[in-house]
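Spelled out, the chains give:
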Amino acid sequence: MSPPADRDVVGDAAREAKRRLERAALTRRAGRVVRAVGLAVESRGPRVAVGEECRLETATGRLLSLAEVVGFEGNTIYTMPVDPVRGLKLGDRVVATGRHPRIPVGDGLLGRVLDADGQPLDGAGPVSTDTRWVIHAEPLPALSRPMITEPMKSGIRAIDGLITLGRGQRIGIFAGSGVGKSRLLGGLARHAGDDIIVIALVGERNREVREFVESELGPQGRRRSVVFVATSDESPLRRVRCALAATTAAEHFRERGLSVALLMDSVTRVAMALREIGLATGEPPSSKGYPPSVFAFLPRLLERAGRKEGSGSVTGIYTVFVEGDDLTDPVADASRAILDGHIVLARELAEKAHYPAIDVLASNSRVMPKIVSADQYRAAEQVRRMIAVHRENRDLVSIGAYRRGSDPELDEALERQPAINAFLRQDLTQAAPFEQTEARLIELGTVRAEGVEGTEDTRGTAGAAGAHGNAEV
Ligand SMILES: Nc1ncnc2c1ncn2[C@@H]1O[C@H](COP(=O)(O)OP(=O)(O)O)[C@@H](O)[C@H]1O
Ligand SMILES: [Mg+2]
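Residues numbered from 1 in each chain as written. Chains lettered and ligands numbered in written order. Predicted model: local features only at pLDDT ≥ 70, side-chain atom pairs only at ≥ 80, totals over all residues.

## Section: the sheet that holds strand 4 (residues 63-73)
Moving on, step 1. Sheet architecture is closed into a barrel: six strands sit in the order 1-2-5-4-3-6, paired in antiparallel fashion. Between one strand axis and the next, the sheet turns through 40° on average, direction left out of account.
Moving on, step 2. By the bridge criterion, three bridges tie strand 1 (residues 30-37) to strand 6 (residues 93-96) in an arrangement that is antiparallel. The residue bridging Ala 30 from the neighbouring strand is Val 95, located in strand 6. (Pairing = 2+ DSSP bridges. Helix = DSSP H or I, 4+ residues; strand = E, 2+ residues; numbered from the N terminus. Axes fitted to C-alpha atoms, helices over the stretch in contact; angles between N-to-C directions.)

This is the structure we're talking about:
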């Protein structure tokens, strides 16, 4: 047993040693700025991991901005400030924090509009939650994903009927600008039968964000949603983080067994932000100006959505820009390969005020056969065929060159067209219950017997369906 005095001496020595160690660690964990061109800051040291958060400080220790390590080459570290920095000087310090960026997660997020760091943008005070999660995470391992077995009831007839989504599916909404992406996402946010809706608005203008939150989402939609926002004027790092933050919040709800819809508008803008970051750190552009890191990042982001063994599901719905019939867009291409389904919006339909402007024939949900009834699947195929037949012959019909009675299949398609359109068009302020959609589609897809492949026993119901459908037009 040592006397108390001795213990104090030992204690003092230990404290002093600890202080020295800390100081040494701090020096080792700080680098000096040697170059700042464009968005990236280059420093000699410190030894840090990619993705780690650093503090950009003046020589006297004043914080200029937080920054994220985006790459290194030998002892040269590339960081990207979270916010634009003014007054950065040669020799300023890059101090490692050992931390990765985190956001608050949990029920305290619901009803809130937050920035990429999870800080409130809605003036409603701090987010009340004790839990914070790192925004970088591994995608779900492909082999441990449970099969998708349950429909994600979207409340939108054209989708539920003909492009049925599954809980845990990842799907793209491909569209040009002004064709109705935001309206469709708003409809999904209000009507989807999921427990929680997480929305990421990346690279929109301020006005568009306000419009979305106030008009599209409305008070009803907001109650069970959280919106993460990084507008077009924010740094590319914040825009990327916004997508990561929303994905992280969705994962947290999934971990609690909930079914989550993650709506991201848009993946293209996330890719553009990644391109800015990649080019700023000296990566070579490869495909249409996009550096390779973009195409490594996208699957890692999109594959975080999905079903997870023993917990809930995140259904990922991502918008992707495609202008006209541009099939060469590398981001659209990469997304199509990663996602397991796509909903295509067509300007041609929007121009006719056919909303939602979903081009059913160009859209496809890969999981649909596994999650809908055999009757619905058969009806969906019939309706698709009638739309296709009508489309193929549209010109002929419109110039009056077609005489009814010469092609029974086309006759059927023409007769059903008004009912099909009435089914596909929907005022998105109104939800369409899934069971009603299914029943109505089955009626619509029941083909009359005469001359058309099919059987006689469908005759009775087909007549009724036709009358019912036409009555609605
Ligand atoms: N479902 C819809 N119902 C009625 N009008 C729509 C619908 N979708 C789009 N519009 C019209 O098109 C405009 C652009 O839609 P929006 O959703 O903002 O397009 P995007 O987000 O693709 O740019 C809207 O302001 C509205 O006039
Ligand atoms: Mg929009």
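## Focus: the packing of helix 6 (residues 267-280) against helix 7 (residues 292-302)
Moving on, step 1. Remark: helix 6 packs on helix 7, axes separated minimally by 9 Å, with the N-to-C direction vectors making an angle of 135°. The angle between the axes of helix 6 and helix 7 places the two elements in the oblique class. In the crossing of helix 6 with helix 7, the sense of the turn from one axis to the other is right-handed. Contacts between helix 6 and helix 7 involve Ala 271, Leu 274, Arg 275 and Gly 278 on the former and, on the latter, Ser 293, Val 294, Phe 297 and Leu 298.
Moving on, step 2. Of the residues contributing to the contact of helix 6 with helix 7, the split by class is five nonpolar, two polar and one charged. (Parallel < 35°, antiparallel > 145°, perpendicular 65-115°, else oblique. Left-handed = near helix turned anticlockwise from the far one by under 90°. Contact = placed C-beta atoms within 7 Å. Nonpolar A, V, L, I, M, F, W, Y, C, P; charged D, E, K, R; others polar.)

## Here's the deal with helix 3 (residues 181-191)
Moving on, step 1. Summarising burial for helix 3: 10 of the 11 residues are buried, a large majority.
Moving on, step 2. Residues of helix 3 that are buried include every one of Lys 181, Ser 182, Leu 184, Leu 185, Gly 186, Gly 187, Leu 188, Ala 189, Arg 190 and His 191, and no others.
Moving on, step 3. Buried residues belonging to helix 3 abut strand 10 (170-175), strand 11 (196-202), helix 4 (206-222), strand 12 (225-230), strand 13 (259-265) and strand 15 (313-321). (Buried ≥ 20, exposed ≤ 12 C-beta atoms within 10 Å, placed from the backbone.)

## Brief notes about the pairing of strand 5 (residues 76-81)
Moving on, step 1. Judged by how many residues are buried, strand 5 sits mostly within the fold: five of six residues are covered.
Moving on, step 2. Here strand 2 (residues 40-44) runs beside strand 5; their pairing, made up of four bridges, is antiparallel. The residue bridging Val 41 from the neighbouring strand is Thr 79, located in strand 5.
Moving on, step 3. In this structure, strand 4 lies alongside strand 5, joined through six bridges in antiparallel fashion. Note that in strand 5 the partner of Ala 67 across the bridge is Pro 81.
Moving on, step 4. Turn length for the strand 4-strand 5 hairpin, with the two strands adjacent in sequence and antiparallel, is two residues, and the turn residue Gly 74 shows positive phi of about 60°.

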